[in-house]
Amino acid sequence: MSTASRTPVLDTLAAMTVDSVERCGLAPDLLILTRIAALAASDAPPVSYLAHIDPALRTGLTAEQLQDVLVAVAPIVGTARVMTAAGNITAALGIAIAVAEAEDEAQG
């Protein structure tokens, strides 16, 4: 396989995400909440949640709304996955904060 990109996997994932967003009729906040539910159901790692932090903030989602999604899916996906999801969301937030602080230090 030949590609001009140095990050073909990330580029593919980004293109898939853009295509999905363009084809989806959900409001942006509902789209993110739906994706968070899917991440919890699939036992996704923190980096998967990390990709949704900025879009969640841009749509004005609150921590309470994210908790509500986990509460809503708990009977379906189970307590273990919900607890893992909560921990992974927390880890992703920690990563996002550390990156933002590092960027601030580099600029100032």
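The present account deals with the structure reproduced in this document. Since the model is a prediction, treat every value here as computed from it, not as a measurement.

### Regarding the side chain of Asn88
Point 1. Positionally, Asn88 belongs in helix α5 (residues 79-107).
Point 2. With a relative accessible area of 14%, Asn88 lands in the buried category.
Point 3. Residues in contact with Asn88, not counting those within four places in the same chain, are Ala44, Pro45, Pro46 and Tyr49.

### Observations concerning a negative patch on the surface
Point 1. Together, Glu101, Glu103, Asp104 and Glu105 give the surface a local cluster of negative charge.
Point 2. On the secondary structure map, Asp104 appears in helix α5.

### A short note on helix α2 (residues 28-41)
Point 1. End to end, α2 covers 20 Å across 14 residues, agreeing with the expected 20 Å (1.5 Å per residue, within 8%).
Point 2. Those residues of α2 that fall on the buried side of the exposure criterion are Leu31, Ile32, Leu33, Arg35, Ile36, Ala37, Leu39 and Ala40.
Point 3. Among the structural elements, α1 (8-23), α3 (46-58), α4 (63-77) and α5 are those in contact with the buried residues of α2.
Point 4. Among the residues trailing α2, Asp43 stands out with phi positive, at a value near 55°.

About the cut-offs
- Residues numbered from 1 in each chain as written.
- Predicted model: local features only at pLDDT ≥ 70, side-chain atom pairs only at ≥ 80, totals over all residues.
- Heavy atoms only, no water.
- Helix = DSSP H or I, 4+ residues; strand = E, 2+ residues; numbered from the N terminus.
- Buried < 20%, exposed > 50% of the residue type's maximum accessible area, 1.4 Å probe, protein only.
- Contact = heavy atoms within 4.5 Å.
- Patch = residues over 30% accessible without salt bridge, like charges linked within 9 Å, V, L, I, M, F, W, Y side chains within 5 Å.
- Areas by Shrake-Rupley, 256 points an atom, 1.4 Å probe, with all protein chains shown as cover.
- Salt bridge = Lys/Arg side-chain N within 4 Å of Asp/Glu carboxyl O.
- Lys, Arg positive; Asp, Glu negative; His and termini not counted.
- Charge placed at Lys NZ, Arg CZ, Asp CG, Glu CD.
- Expected span 1.5 Å × (residues − 1).

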